[in-house]
Amino acid sequence: MIWNPEMECNSRGTIKQLQLERLQETVKRVYENVPFYRKKLDEAGVTPDSIKSLEDLKRIPFTVKNDLRDNYPYGLFASPLKDMVRLHASSGTTGKPIVAGYTKKDLDTWSELIARIVMQAGGCDEDIAQVCFGYGLFTGGFGLHYGLEKVGATVVPSSSGNTEKQLMLMKDFGTTILVSTPSYALYISEVAEEMGIDIKKDLKVKIGMFGGEGTSEEMAKELENRWGILCTENYGLTEVMGPGVAGECEHKCGMHISDDHFIVETINPETGEVLPEGSFGEMVITTITKEGMPVLRYRTKDLTRIIYEPCKCGRTTPRIERIQGRSDDMLIIKGVNVFPSQVESVLVGMQGIAPFFQLVVRKKGFTDDMEVLVELADNSLLEDFSALEQLERDVKHNLKTVLGIETKVRLVEPKSIERTAGKAKKVLDLRNA
């Protein structure tokens, strides 16, 4: 089923005209109400009247994460603070958090967007959805909550952590949709095994709506195998709204973008050059319906490709191909670009290996040095030294095949890599230690 056929199945020509009208309104709004944007637009020689076509979007300067930090907390708001009914923020682990403000209209829009991705994943008003995202300043919990209610699903706002209780609730309440990060879903499956719960037989979960961190295709298959569910991915950022920007349908051929609310481009991450449609590059997002805090041409750092062919599900919206990595997560090891997602694609599914790993990066002379910590699936191999050696050789060989370089590999004991209910920390950077 499709939540909003009028917008999700419309012609590209109609949507492009709508995008232009909404872009013009958005540029006018920020020019008149946000000093930061007025200054940037003036410096670029752009006024609201300059936006005559969607091609003019490329004349607008980019917005980057530091712009949001520099204007902390309310400097990018286009509505008076009295009109803001909710504030969210990023974790701010590397400085001031990024603050997002929402008017009542913004929250209605957000619920609409989440309703779309719920239906894309196959959810409906008969589902019981357990939201295992944190209910705090992070956008995940509240973002998914209200959209699920809009569809008519019964929401279990269990938040994150207390995994044994999560499993008890899933079993007792008959949860059919699991909402969490993919790494937490993996951890739940581990705890279930320890508790003697067969999640395929004892639980009723049929759909996983995963977000908050990127997922390789191999990880998605691992989740589906462990849970016996349809594993879908959804995408969003605090900077532009939160979850709800895009989501997978049952055909799993990219995440459908709500392009009546967002304009998405891909650019060369080094030059900023706008790339032709369908090209692989860094994704840039412009909000065109956000009232409280519109954002122009936000550089996400996510590397992907936008697919424009209509989907088998009947939706005509463009789709985000699975995120291949982030330009700021890229490591340069021995002159080769390495992304954590590449390592994940190698390790997940290997016999004897658990789907948890960590890249430890140190400075060695003038170059970066990387060691891959690989967790064993169980303790049985610890008693067989020759089998351990062979497994280490296999991991090194498979990594070299994909990465093109030799890597250090250290096999570590089962469950020695930290588990988390939030985003998994896949890179431990010790270069400045």
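If you're wondering where the values come from, they're calculated on a predicted model, not measured in any experiment. (Residues numbered from 1 in each chain as written. Predicted model: local features only at pLDDT ≥ 70, side-chain atom pairs only at ≥ 80, totals over all residues. Heavy atoms only, no water.)

## Here's the deal with the pairing of strand E7 (residues 230-237)
Working step 1: With six of its eight residues buried, E7 lies for the most part within the structure.
Working step 2: In this sheet, E7 lies alongside strand E6 (residues 207-210) in parallel orientation, the contact comprising four bridges. Looking across to E7, one finds that Met-209 is bridged to Thr-232.
Working step 3: Once the chain exits E6 it traverses helix H9 (residues 217-227) before rejoining the sheet at E7, and the crossover so formed is right-handed.
Working step 4: Counting the residues between successive antiparallel strands, the hairpin from E7 to strand E8 (residues 242-248) contains four residues. (Buried < 20%, exposed > 50% of the residue type's maximum accessible area, 1.4 Å probe, protein only. Helix = DSSP H or I, 4+ residues; strand = E, 2+ residues; numbered from the N terminus. Pairing = 2+ DSSP bridges. Right-handed = clockwise from strand over helix to strand, strands pointing away.)

## Regarding a nonpolar patch on the surface
Working step 1: A surface patch of nonpolar side chains, amounting to about 260 Å² of accessible area, comprises Tyr-74, Leu-81 and Leu-87.
Working step 2: Note that Tyr-74 resides in the loop between helix H4 (65-70) and strand E1 (84-89). (Patch = residues over 30% accessible without salt bridge, like charges linked within 9 Å, V, L, I, M, F, W, Y side chains within 5 Å. Areas by Shrake-Rupley, 256 points an atom, 1.4 Å probe, with all protein chains shown as cover. Salt bridge = Lys/Arg side-chain N within 4 Å of Asp/Glu carboxyl O.)

## Observations regarding the packing of aromatic side chains
Working step 1: For the coordinates displayed, the defined rule picks out seven aromatic pairs.
Working step 2: Relative to Phe-77, the ring of Tyr-74 has its centre 5.2 Å away and its plane inclined at 40 degrees; by these criteria the two rings are tilted.
Working step 3: On the basis of relative accessible area, Phe-77 is assigned to the buried category, the value being 7%.
Working step 4: Connected via pairs of aromatic rings, a cluster forms that spans Tyr-135, Phe-142 and Tyr-146.
Working step 5: Taking NZ or CZ as reference, Lys-290 lies 5.0 Å from the ring centre of Tyr-102, over its face.
Working step 6: The cationic tip of Arg-299 hangs over the ring face of Phe-62; the distance from NZ or CZ to the ring centre is 5.4 Å. (Phe/Tyr/Trp six-rings, centres within 6.5 Å; stacked < 30°, edge-to-face > 60°. Lys NZ or Arg CZ within 6 Å of the ring centre and 35° of its normal.)

## Topic: the nonpolar core
Working step 1: Core analysis: the largest hydrophobic core is formed by 66 residues, its most contacted members being Leu-148, Met-209, Tyr-235, Ile-285 and Ile-320.
Working step 2: With nine residues, the single largest contributor to this core is helix H5 (residues 104-121).
Working step 3: Not counting residues within four places of it along the chain, the set of residues in contact with Ile-320 comprises Tyr-235, Ala-246, Gly-254, Met-255, Ile-257, Met-283, Thr-304, Arg-305 and Ile-306.
Working step 4: Formed by 25 residues, the second largest nonpolar core is a distinct cluster that contains Ala-185, Ile-188, Ile-199 and Trp-227. (Core = buried A, V, L, I, M, F, W, Y, C linked by side-chain atoms within 4.5 Å. Contact = heavy atoms within 4.5 Å.)

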